[in-house]
Every structure is written in C-alpha cells, then in structure tokens.
Amino acid sequence: MKGRSLAEVAAGAIVLAVAAIFLGYAVLHSGRGTVTAEGMQLRASFDRIDGLANGADVRIAGVKVGTVTDSRIDPDSFAAVLTFKVDRSLKLPADTSAEITSEGLLGGKYVSLVPGGSDKLLADGGRITETQGSVSLESLLGRFIFSVTQMNGSQNHNQEGGGAAAPK
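Residues numbered from 1 in each chain as written. Predicted model: local features only at pLDDT ≥ 70, side-chain atom pairs only at ≥ 80, totals over all residues. Heavy atoms only, no water.

Draft legend 1. Representation of the overall build of the protein chain. Helices and strands together make up the secondary structure of the protein chain, namely two helices and eight strands. Start at the N end of the protein chain and walk to the C end: the helices and strands fall as α-β-β-β-β-β-β-β-β-α. Contacts spanning at least 24 positions in sequence make up 63% of the contacts within the protein chain whose residues lie at least 6 apart. Carbon and sulfur atoms make up 60% of the accessible area of the protein chain, which totals about 11600 Å². (Helix = DSSP H or I, 4+ residues; strand = E, 2+ residues; numbered from the N terminus. Contact = heavy atoms within 4.5 Å. Areas by Shrake-Rupley, 256 points an atom, 1.4 Å probe, with all protein chains shown as cover.)

Draft legend 2. Representation of the sheet that holds strand 1 (residues 40–46) within the structure. Strand order across the open sheet formed by eight strands is 7-1-4-3-2-6-5-8, with mixed pairing between neighbours. Pairing within the sheet leaves two strands with one partner each, and these edge strands are strand 7 (126–128) and strand 8 (130–132). Strand-to-strand twist across the sheet, computed as the mean angle between neighbouring axes with direction ignored, equals 30°. As defined by bridge partners, strand 3 (residues 63–73) adjoins strand 4 (residues 80–86) across seven bridges and the pair is classed as antiparallel. Counted as the bridge partner of Thr67 is Lys85 from strand 4. (Pairing = 2+ DSSP bridges. Axes fitted to C-alpha atoms, helices over the stretch in contact; angles between N-to-C directions.)

Draft legend 3. Structural context of the packing of aromatic side chains. Using the criterion set out here, one finds zero aromatic pairs in the structure. Positioned over the ring face of Tyr110 is Arg59, at 4.1 Å from the centre of the ring. (Phe/Tyr/Trp six-rings, centres within 6.5 Å; stacked < 30°, edge-to-face > 60°. Lys NZ or Arg CZ within 6 Å of the ring centre and 35° of its normal.)

Draft legend 4. The arrangement of a nonpolar patch on the surface in detail. Nonpolar side chains collect at one region of the surface, where Ile14, Val18 and Phe22 lie side by side and expose about 320 Å² of accessible area between them. Residue position: Val18 is located in helix 1 (residues 2–29). (Patch = residues over 30% accessible without salt bridge, like charges linked within 9 Å, V, L, I, M, F, W, Y side chains within 5 Å. Salt bridge = Lys/Arg side-chain N within 4 Å of Asp/Glu carboxyl O.)

Draft legend 5. Quick look at the side chain of Asp74. Take Asp74: it is sitting in the loop between strand 3 and strand 4. The side chain of Asp74 is buried and forms no salt bridge, while Arg72, the nearest opposite charge, is found at 5.1 Å. A distance of 3.1 Å separates polar atoms of two side chains, one belonging to Asp74 and the other to Ser77. The contact partners of Asp74, leaving out residues within four places of it in the chain, are Ala79 and Val81. (Buried < 20%, exposed > 50% of the residue type's maximum accessible area, 1.4 Å probe, protein only. Lys, Arg positive; Asp, Glu negative; His and termini not counted. Polar contact = N/O pair within 3.5 Å; in protein donor to acceptor, adjacent residues only side chain to side chain.)

Draft legend 6. Structural detail: the pairing of strand 4. Burial analysis of strand 4 places seven of its seven residues in the buried class, which makes it a mostly covered element. Judged by which residues are buried, strand 4 turns out to be covered on both faces: Ala80, Leu82, Phe84 and Val86 on one side and Val81, Thr83 and Lys85 on the other are all buried. Summarising the sheet, strand 1 and strand 4 pair through seven bridges and their orientation is antiparallel. Bridge assignment links Leu42 to a residue of strand 4, and that residue is Phe84. Hairpin geometry of strand 3 and strand 4 is characterised by an intervening segment of six residues between the two adjacent antiparallel strands and by a positive phi of about 60° at Phe78.

Draft legend 7. Region of the structure containing the nonpolar core. One finds Leu82, Phe84, Val86, Val111 and Leu113 to be the most contacted residues of the largest nonpolar core, which totals 22 residues. Among the elements of the structure, strand 1, strand 2 (57–60), strand 3, strand 4, strand 5 (97–102) and strand 6 (109–114) are those that each provide at least two residues to this core. Here Phe84 is in contact with Met40, Gln41, Leu42, Arg43, Ala44, Val58, Thr67, Val68, Thr69, Leu113 and Ile128, once residues within four sequence places are set aside. (Core = buried A, V, L, I, M, F, W, Y, C linked by side-chain atoms within 4.5 Å.)

Draft legend 8. Region of the structure containing the confidence of the model for the protein chain. Overall, the prediction assigns the protein chain a mean pLDDT of 83, with 85% of residues at 70 or greater. Within the protein chain, the lowest mean pLDDT, 76, falls on helix 2 (residues 137–162), and the highest, 94, falls on strand 4. (pLDDT = per-residue confidence, 0-100.)

Draft legend 9. Fine view of the pattern of salt bridges. This model, assessed by the stated rule, comprises five salt bridges. Where Asp57 meets Arg59, a salt bridge forms, and the shortest distance between an N and an O atom there is 3.1 Å. Grouping residues by exposure puts Asp57 and Arg59 together as buried. Among the salt bridges present, the one from Glu103 reaches Arg59, with a minimum N-O distance of 2.6 Å. Residue Glu103 is located in the loop between strand 5 and strand 6, and its partner Arg59 is located in strand 2; the two are separated by 44 residues in the primary sequence. The buried category is assigned to Arg59, whose relative accessible area is 16%. A network of salt bridges, in which partner residues are shared, links Asp57, Arg59, Lys64 and Glu103.

In structure tokens:
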C-alpha cells in the first residue's frame, strides 16, 4: 500500500511539473509577457477606453508592435490617457492616429495605430493627438432598440387613424 501511494504521489508531482513548464512556455512565447525597456514610449488621450487593460496589444495593420503600459484619468479634461511602448525601430510619422478597436464581437480590445504621411516623426515620450475612443456595443444596441421601438410606435399610431388613407 505504501509503495503504491508513493508511486501515485511521484506521478502527480511529475504531471504538475510538466504542466508548470508548459504554462511558463506559453506565457513567455505568447507576446503577453512584460514589456521590454527598449520600446519607445508614447501617450494618447481618448474619450473612452472601455474594455482596454494594461498589457493590451498595440498594433499596426494587425501586427503587434507594442503594449499598453499605463492608463489614467487626466484630472483637467477627464479624458483617459494611455501610455504605451512600441518597437523603437518604427519611424512613426507625427500625424499617426490611434483608435481603440475590438478583436471581434466578443474579443478583447487593443490600440490600433494608423501611420500618417508627415515628414516629422514621433519621438520617445511623444503624444498622439488624433484619437478615436472605444465604441460601446451596449450603447449601440440600446440605441438600435430605442430607434426600432420608436419606429414601431409611430407606425402603430399612423395605423390607428392618424395616417393617410390607402389609395383606391
């Protein structure tokens, strides 16, 4: 009995060790690890950043080029200010724009950068001024339901006697 339980404990320990190795590999190679210090730091202000968290991707044309490192509220304008690091080898034009985009209907959010055409380049610590905040799916759905309800209400009112007579 003791030999069997010792073998079971050893097998369990081996399974846990292998699982820990796989988990460590996944974290290190997923692109979600810590941000390297070599990145160029940029800032941008948004009216809303719903669903975007620190560690979210920064992408250009769908390719990850950086990571969001900090988010805070500007006490003067009450705008959300994001700080993110991007690959230092990128030469981003000064008129680059940033928008909060969703990976899909139920996917996570990320910052999408769209490089402009300016000859001037963004420097480390630079600010992106052209931004578009997050679009709230709940808000859009609420507006749609409200407009459909309003349309149905006005059609019912017209059919009850307020509408024009049908042509003969």
